[in-house]
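Residues per chain, in single letters:
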Amino acid sequence: MKRPLFIGSEIYRNSTYGSKHPLAIPRVSTVIDLCRAQGWLTTENYRVSPCAKPSALEAFHTPDYIAALQKAEHDQSVSDETRNKYALGTLSNPVFPEMYRRPATAAGGSMLGADLIRNGGIVFNPAGGTHHGLADRANGFCYLNDPVLAILTLLSAGLDRIVYVDIDAHHCDGVEAAFHGSSKVRMISVHESRRWPFSGTLDNNAGGAAFNLPVDRNLNDDEFHVILDELILPATASFKPQAIVLQCGADAVAEDPLSRLTLSNNSHWRATASLRNMAPRLLVLGGGGYNPWSVARLWSGVWAVLNRIDPPGFLNAEAQSILGKLTWNRAAGKQPPKHWFETLRDTSKHGDIRPELRADLRYLAARIS
């Protein structure tokens with residue numbers, strides 16, 4: 001069996017959306033450093049992500065939008081017309097020095113990952129997962145839509161049964177718009193209800209291509225396990241996928257500031273392990289996540305799980321030092337709990353399974369069967 005491959009780049013280390021943006025925090029660079037410190041990442045299983053060229057991005061994005069994005073990076077400013085037409089230079093999608101190169105590198109990584117699993121295998125691109133990007137404009141911190149570009153790469157390789165699973169706290173509106181009505185792509189999204197982008201309602205099936213499960217705040221691990229067993233896994237299995245793309249956004253965990261879900265990272269790891277053997281090809285992407293400790297720990301654990309390594313109870317001294325040097329300007333970052341430095345694994349968040357969730361799962365199960 002092929003060893004899983006990790007796709008990364010140094011561009012993420014010194015690039016930021018701006019000091020006040022939720023994505024001011026280090027994420028992918030910390031995952032790379034943690035996995036190297038633990039001995040899980042070597043020259044053999046690490047690949048450097050290419051920066052996608054405009055012609056590759058135009059498989060989904062419009063040429064005029066890509067040109068506007070490149071011009072905004074070059075000029076480090078946008079006109080009012082560009083801001084209004086392409087949503088560039090906004091609070092969510094600000095102008096910053098690498099505003100084309102950084103997302104184009106993430107997209108290049110996801111397309112490379114899709115190409116690497118053409119004949120089977122597992123690839124992890126934690127910089128990917130920018131699932132809000134639209135064909136002709138930026139949207140929700142996402143300048144490009146790398147999940148769509150990765151799926152299109154798989155389709156162009158001749159695959160015709162792809163399952164896209166999204167466990168980010170926010171609905172994958174950009175991916176759903178791209179594959180609305182598709183008979184080749186099945187989308188399964190679990191996301192917080194009544195949260196931006198306010199799409200992905202229970203009765204929205206995207207022309208038969210999607211299963212959307214909006215969940216109430218305070219979703220716990222026990223509830224997620226039921227969702228996994230009664231929706232995600234059966235809806236995936238019934239499609240008989242040739243490839244699975246898992247968007248593993250880290251913003252559904254309890255410590256994240258941009259959702260009100262209360263999962264532990266054990267839920268994401270269980271989903272990863274469960275989907276790992278359901279298709280000959282698996283591409284795992286990152287996504288949301290706005291607490292530097294919870295993101296780094298969750299995605300490092302995903303890489304461990306993909307390599308069939310049980311995330312350790314305690315990290316080695318080098319890994320603990322990496323986590324100890326992180327800073328965060330939010331209140332929770334002033335006195336972070338001890339386990340954020342010492343271990344990857346959260347304490348499980350147990351709780352009751354609410355009847356409303358059971359009813360929603362029954363509604364979706366009827367569609368699966």
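In short, a report on the structure.

The rules behind the values
Residues numbered from 1 in each chain as written. Predicted model: local features only at pLDDT ≥ 70, side-chain atom pairs only at ≥ 80, totals over all residues. Heavy atoms only, no water. Axes fitted to C-alpha atoms, helices over the stretch in contact; angles between N-to-C directions. Helix = DSSP H or I, 4+ residues; strand = E, 2+ residues; numbered from the N terminus. Parallel < 35°, antiparallel > 145°, perpendicular 65-115°, else oblique. Left-handed = near helix turned anticlockwise from the far one by under 90°. Contact = heavy atoms within 4.5 Å. Nonpolar A, V, L, I, M, F, W, Y, C, P; charged D, E, K, R; others polar. Polar contact = N/O pair within 3.5 Å; in protein donor to acceptor, adjacent residues only side chain to side chain. Buried < 20%, exposed > 50% of the residue type's maximum accessible area, 1.4 Å probe, protein only. Pairing = 2+ DSSP bridges. Arc of directions from axis to C-beta.

### Overview of the packing of helix α1 (residues 28–37) against helix α10 (residues 292–306)
Working step 1: α10 packs onto α1 with a crossing angle of 50 degrees between their chain directions and a minimal axis gap of 9 Å. Accordingly, the angle class assigned to the pair α1 and α10 is oblique. The hand of the α1/α10 crossing is right-handed. Contacts from Thr30, Val31, Leu34 and Cys35 of α1 reach α10 at Val295, Ala296, Trp299, Ser300 and Trp303.
Working step 2: Class assignment for the residues of the contact of α1 with α10 results in seven nonpolar, two polar and no charged.

### Concerning unusual backbone geometry
Working step 1: Following Trp196, the chain continues to Pro197 via a peptide bond in cis, the omega torsion being 10 degrees.
Working step 2: Counting through the fold element by element, Pro197 comes out in the loop between β5 (185–192) and β6 (210–215).
Working step 3: One non-glycine residue, Arg308, lies in positive phi territory at about 60 degrees.
Working step 4: Mapped onto the fold, Arg308 is located in the loop between α10 and α11 (317–324).

### Notes on the side chain of Ser9
Working step 1: Mapped onto the elements, Ser9 comes out in the loop between β1 (5–8) and α1.
Working step 2: Among the polar contacts made by the side chain of Ser9, one reaches the main-chain amide nitrogen of Ile11 at a distance of 3.1 Å.
Working step 3: The residues contacting Ser9, other than those within four sequence positions of it, are Ile32, Tyr46, Ser49 and Thr105.

### Thoughts on the pairing of β5
Working step 1: Burial within β5 is extensive, with eight of its eight residues counted as buried.
Working step 2: On β5, burial covers both faces: Val185, Met187, Ser189 and His191 on one face and Arg186, Ile188, Val190 and Glu192 on the other are all buried.
Working step 3: Note that strand β4 (residues 162–166) and β5 share five bridges and pair parallel. When the bridges of β5 are listed, Asp166 appears paired with Ser189.
Working step 4: For β5 and β6, the ladder comprises six bridges, and the chain directions are parallel. Bridged to Ile188 within β6 is Phe211.

### Focus on the packing of α1 against α11
Working step 1: Between α1 and α11, the least distance of the axes is 8 Å, while the angle of their chain directions is 165 degrees. Between α1 and α11, the angle is such that the two are roughly antiparallel. Here α1 runs over α11; the crossing is right-handed. Of α11, the residues touching α1 (which contributes Thr30, Asp33, Leu34 and Ala37) are Glu318, Ala319, Ile322 and Leu323.
Working step 2: Tallied by class, residues from the contact of α1 with α11 come to five nonpolar, one polar and two charged.

### As for helix α9 (residues 265–275)
Working step 1: Among the 11 residues of α9, eight are classified as buried, and the element is accordingly described as predominantly covered.
Working step 2: Residues Asn265, Asn266, Ser267, His268, Trp269, Ala271, Thr272 and Leu275 constitute the buried set of α9.
Working step 3: Those residues of α9 that are buried are in contact with β4, α8 (221–237), β7 (243–247) and α10.

### What to know about α11
Working step 1: Those residues of α11 that fall on the buried side of the exposure criterion are Ala319, Ile322 and Leu323. Mapping the buried residues of α11 onto a view down its axis gives an arc of 95 degrees, with all of them on the same face. Exposed side chains of α11 directed beyond 90 degrees from the buried face belong to Ala317 and Glu318.
Working step 2: Where α11 is buried, its residues touch α1, α10 and α12 (339–342).

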